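The lines below spell out each chain.
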Amino acid sequence: MSIEILFEDDRWAAAGLAQLAESACRETLTHLEFDPEIHDISVLACDDARIAILNAEFRDKPAPTNVLSWPAEDLAAEEDGEAPLLPEPDFEGEPVELGDIAIAWETCAREAREQGKAFNDHVTHLMVHGCLHLLGYDHIRPRDAARMEGIEVEILAKLGLADPYD
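Residues numbered from 1 in each chain as written. Predicted model: local features only at pLDDT ≥ 70, side-chain atom pairs only at ≥ 80, totals over all residues. Heavy atoms only, no water.

Participant: Mind showing me how you'd approach the packing of aromatic side chains here?
Facilitator: The geometry of an aromatic ring pair is captured by the separation of the ring centres together with the interplanar angle, meaning the angle of the planes. Inspection of every chain in the model, using the stated rule, returns 4 aromatic pairs. Ring centres of Trp 12 and Trp 105 lie 5.0 Å apart, and the angle between their planes is 80°; on these two criteria the pair is classed as edge-to-face. Of this pair, Trp 12 sits in helix α1 (residues 10–15) while Trp 105 sits in helix α4 (residues 105–115), and the two are 93 residues apart along the sequence. Between Phe 58 and Trp 70 the ring centres are 5.3 Å apart and the planes differ by 70°, which places this aromatic pair in the edge-to-face class. Here Trp 70 lies in strand β3 (residues 67–71) and Phe 58 lies in helix α3 (residues 48–59), a separation of 12 residues in the sequence. (Phe/Tyr/Trp six-rings, centres within 6.5 Å; stacked < 30°, edge-to-face > 60°. Helix = DSSP H or I, 4+ residues; strand = E, 2+ residues; numbered from the N terminus.)

See the structure below:
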């Protein structure tokens, strides 16, 4: 698996985001029975100011958020609660480009503190969450949300982390 990280905020490098992202995304792909070795993800490690601009530009929400995802392909299920479509390479034998994830330092740190969670555990959860979005999972419709949250809990358990929704 290739995870390319652009560090716009150096605090992310010091916190070990590369290892957290690798572990979270690898376990997400493995859990869903995808070969991690043929999937590529790009990550933007930024601050609240940068993610607020992105959130305004792409979601019309001019405020910081913890994580944003841009899937390379729309894999969302047509019916609420159904499994998403499967990602495929653009060209036979080439890696599957899943898309981009942006994660914001201040919001993640604040949320971890407010929720009484270890920072790395919270970031791992958000990376799993972002990776699932790249794979077509979402939480807008009720059964889609239940499916996505259930998968997150299973993946985090495999990584030795508690249920974030409990």
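Participant: Got a minute to help me understand the packing of α4 against helix α5 (residues 119–134) in this structure?
Facilitator: Between two packed helices, both the angle of their axes relative to each other and the distance between the axes serve to describe the pair. Across the interface, α4 lies against α5 with an axial gap of 9 Å and an inter-helix angle of 120°. Viewed along their axes, α4 and α5 adopt a mutual orientation that is oblique. Like other packed secondary-structure pairs, α4 and α5 cross with a definite hand, here right-handed. Contacts between α4 and α5 involve Trp 105, Cys 108, Ala 109, Glu 111, Ala 112 and Gln 115 from the former and Phe 119, His 122, Val 123 and Leu 126 from the latter. Each residue belonging to the contact of α4 with α5 can be placed in one class, and the counts come to 7 nonpolar, 2 polar and 1 charged. (Axes fitted to C-alpha atoms, helices over the stretch in contact; angles between N-to-C directions. Parallel < 35°, antiparallel > 145°, perpendicular 65-115°, else oblique. Left-handed = near helix turned anticlockwise from the far one by under 90°. Contact = heavy atoms within 4.5 Å. Nonpolar A, V, L, I, M, F, W, Y, C, P; charged D, E, K, R; others polar.)

Participant: Help me understand α4, please; the structure alone is not making it clear to me.
Facilitator: Owing to its 3.6 residues per turn, the α-helix aligns residues three or four sequence positions apart on the same side. Among the residues of α4, those classed as buried are Trp 105, Thr 107, Cys 108, Ala 109, Glu 111 and Ala 112. Elements in contact with the buried residues of α4: α1, β2 (39–46), α3, β4 (96–104) and α5. Taken from the residues just after α4, Gly 116 is the one with a positive phi, measuring 65°. (Buried < 20%, exposed > 50% of the residue type's maximum accessible area, 1.4 Å probe, protein only.)

Participant: I'm lost on the pairing of β2 in this one. Help?
Facilitator: Along any regular strand the residues' side chains alternate between the sheet's two faces. Of all the 8 residues making up β2, 7 are buried; the element is thus mostly covered by neighbouring parts of the structure. The sheet contact formed by strand β1 (residues 2–7) and β2 spans 6 bridges and is parallel. Paired with Ser 2 across the two strands is Asp 40, which belongs to β2. Pairing geometry for β2 and β4, over 8 bridges, is parallel. Looking across to β4, one finds that Leu 44 is bridged to Ala 102. (Pairing = 2+ DSSP bridges.)

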